[in-house]
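Spelled out, the chains give:
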Amino acid sequence: MVGTVFEGNGKSYYNSVSNNFGGLFPHPGMRMQGRYKDIEGELLIEENATMATAMTIDTISIHSMAYRYQLRFANLNNKQGKTMSIKNPMTGGKTEIHSPQWGLMFNRNDQGDYCAVVLSCDNSAPYDDITDQRSMNIAIIQREDGITNDLAQTTLTKGVSLEDEMNTLCVDVDERSVKVSIGRNEMQQILEADVKRPVGPVQVGYLVGAGARVAIERAVLTIDNEQQVAPTTSWTREALDEYFATSDDPNEGYWKYLDRDMQDDWLRLGGRYTIALVKAGDGYDIIYVDGAQVKKSLWQTGMKKGHITKTVFSGNYDLVWIDATMEPIDRDAYATIENGVILCLNFPVFKSQMRLAKAIDIEK
């Protein structure tokens, strides 16, 4: 495998017959109008006899910025020369499908927007045995606000099954890009595109196009553990009040939101925060007190909101900030304390900053 985003340890979640495809198939024997889904032998089978693309979403929500998702699957209706007849609900007539699509979905957000890698096979000259060549088209698409955009595509004639045998399709996703690898027996990276990961948790899954019959042998989701955060601490509001009452460190205490300068397309304000700075190691822990607006239900007083670490420059600190969705932001981030009264959190990669003012007293 090439193009991996994982350099540390990752936690993997498997879906196969050994766990009854639990994450993809919580209710066995699903039958809907025009669709069928069940476990047959060691495979999860889903067929789609409707005109619309069917989507199955893994039940796991991904909070990490970096992850890998791979499917070992096949389209059983991808046999050369095979044609499916599907009833058109708008006209009552039938539509012939001769190259049904199937694929892998990633970065699906709460609004239903998503990205996908879509596969389809076709023949260049199906009625000419001499010049005919079968190939697979692989496309990265992005579906946003009801509009589909093509991000990248390529065509393969070897290294993959071009009919109804298994291929492994894999995406390596981080906050800015996706790398796509595929292969029947040996994986090769074949596409890459700039894709901004949505804010907040996302999900993955697979697509079954009109006329497709998809068989899944296994699905594996690997999440970058190094980006996972456990933000709980032992601090309470009462404990902070008691601690600050005897502290002689001028930086310790409560800090309240003052203002911001943000590029909303890059980084959005998660709330007008009140935080506490508590001396810890070679810097200060940032403790959440109040003010969350995005994902407000996730945050409780005393949870860790980040850490600032002293540098060789007075008043300057390296910053790790835990955003509203509990993901760490630390790439080139830094903090400054100006005149002991202004705490500035800087995120130059996202062209944004937020300032907080030292609070003498705050309401409980």
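All values derive from a computational prediction rather than experimental measurement.

Definitions and limits used
Residues numbered from 1 in each chain as written. Predicted model: local features only at pLDDT ≥ 70, side-chain atom pairs only at ≥ 80, totals over all residues. Heavy atoms only, no water. Helix = DSSP H or I, 4+ residues; strand = E, 2+ residues; numbered from the N terminus. Areas by Shrake-Rupley, 256 points an atom, 1.4 Å probe, with all protein chains shown as cover. Lys, Arg positive; Asp, Glu negative; His and termini not counted. Charge placed at Lys NZ, Arg CZ, Asp CG, Glu CD. Pairing = 2+ DSSP bridges. Axes fitted to C-alpha atoms, helices over the stretch in contact; angles between N-to-C directions. Salt bridge = Lys/Arg side-chain N within 4 Å of Asp/Glu carboxyl O. Buried < 20%, exposed > 50% of the residue type's maximum accessible area, 1.4 Å probe, protein only. Contact = heavy atoms within 4.5 Å. pLDDT = per-residue confidence, 0-100. Polar contact = N/O pair within 3.5 Å; in protein donor to acceptor, adjacent residues only side chain to side chain. Phe/Tyr/Trp six-rings, centres within 6.5 Å; stacked < 30°, edge-to-face > 60°.

### A word on the overall build of the protein chain
Along the backbone of the protein chain there are one helix and 26 strands. Total accessible area on the protein chain stands at roughly 18,200 Å², and carbon and sulfur atoms take up 45% of it. Taking the 37 positively charged and 50 negatively charged side chains of the protein chain as two groups, their mean positions are separated by 4 Å.

### Focus on the sheet that holds strand β12 (residues 147-156)
A sheet is described by the order of its strands in space; here six strands give the open sequence β5-β16-β9-β10-β11-β12, paired in antiparallel fashion. One side of each edge strand has no neighbouring strand; the edge strands of this open sheet are β5 (54-57) and β12. Taken pair by pair, the neighbouring strands of this sheet meet at an average axis angle of 25°, ignoring direction. The pairing of β5 with strand β16 (residues 203-208) spans four bridges and is antiparallel. Its bridge partner being in β16, T56 is matched across the sheet by Y206.

### Some thoughts on the pattern of salt bridges
Summed over all chains, the structure comprises twelve salt bridges. In this structure, the salt-bridge partner of E217 is R218, at a minimum N-O distance of 2.8 Å. Judged by its relative accessible area of 35%, R218 is partly exposed. Three or more residues joined by partner-sharing salt bridges are found here, namely R35, K37 and E46.

### Looking at the pairing of strand β22 (residues 316-322)
Where strand β21 (residues 304-310) lies against β22, five bridges are found, and the strand directions are antiparallel. Within β22, the residue paired with H307 across the bridge is V320. In this structure, the hairpin formed by β21 and β22 is closed by a connection of five residues, where G315 is found at a positive phi of approximately 80°. By the bridge criterion, two bridges tie β22 to strand β23 (residues 328-329) in an arrangement that is antiparallel. Bridging across to β23, W321 finds its partner in I329. Where β22 folds back on β23, the antiparallel hairpin that results is connected by five residues, among which M326 adopts a positive phi of roughly 70°.

### Overview of unusual backbone geometry
Notably, K295 is not glycine yet its phi reads approximately 55°, a positive angle. Relative to the elements of secondary structure, K295 occurs in the loop between β20 (283-292) and β21. One non-glycine residue, N339, adopts positive backbone phi at about 55°. Checked against the element boundaries, N339 lands in the loop between β24 (334-338) and β25 (342-347).

### As for the environment of I45
The topology assignment puts I45 in strand β4 (residues 43-48). Non-local contacts of I45, meaning those with residues more than four positions away in its chain, are made with Y36, K37, D38, E40, L76, R213, V214 and A215.

### Here's the deal with the confidence of the model for the protein chain
When pLDDT is averaged along the protein chain, the result is 88, and 91% of the positions lie at 70 or above. The least confident element of the protein chain is strand β2 (residues 31-32), whose mean pLDDT is 66; the most confident is strand β9 (residues 102-108), at 97. Note on residues 1-8: pLDDT is under 50 here. Beyond four places in sequence and across chains, it has 26 contacts.

### Notes on the side chain of R68
Summarising the element assignment, R68 is placed in strand β6 (residues 67-75). Given the relative accessible area of 17%, R68 is considered buried. Of the polar contacts made by the side chain of R68, one reaches the side chain of D172; its length is 2.7 Å.

### Side note on the packing of aromatic side chains
Two numbers describe a pair of aromatic rings. These are the distance of the centres and the angle of the planes. Applying the stated criterion across every chain yields a total of seven aromatic pairs. Consider the rings of Y288 and W299, whose centres lie 5.6 Å apart with planes at 50°: the pair is tilted. Taken together, the residues span a long stretch of sequence, with Y288 in strand β20 and W299 in the loop between β20 and β21 at a distance of eleven residues. Judged by relative accessible area, which is 6%, W299 ranks as buried. Through a chain of ring-to-ring contacts, the aromatic side chains of W235, Y243, F244 and Y254 assemble into a single cluster.

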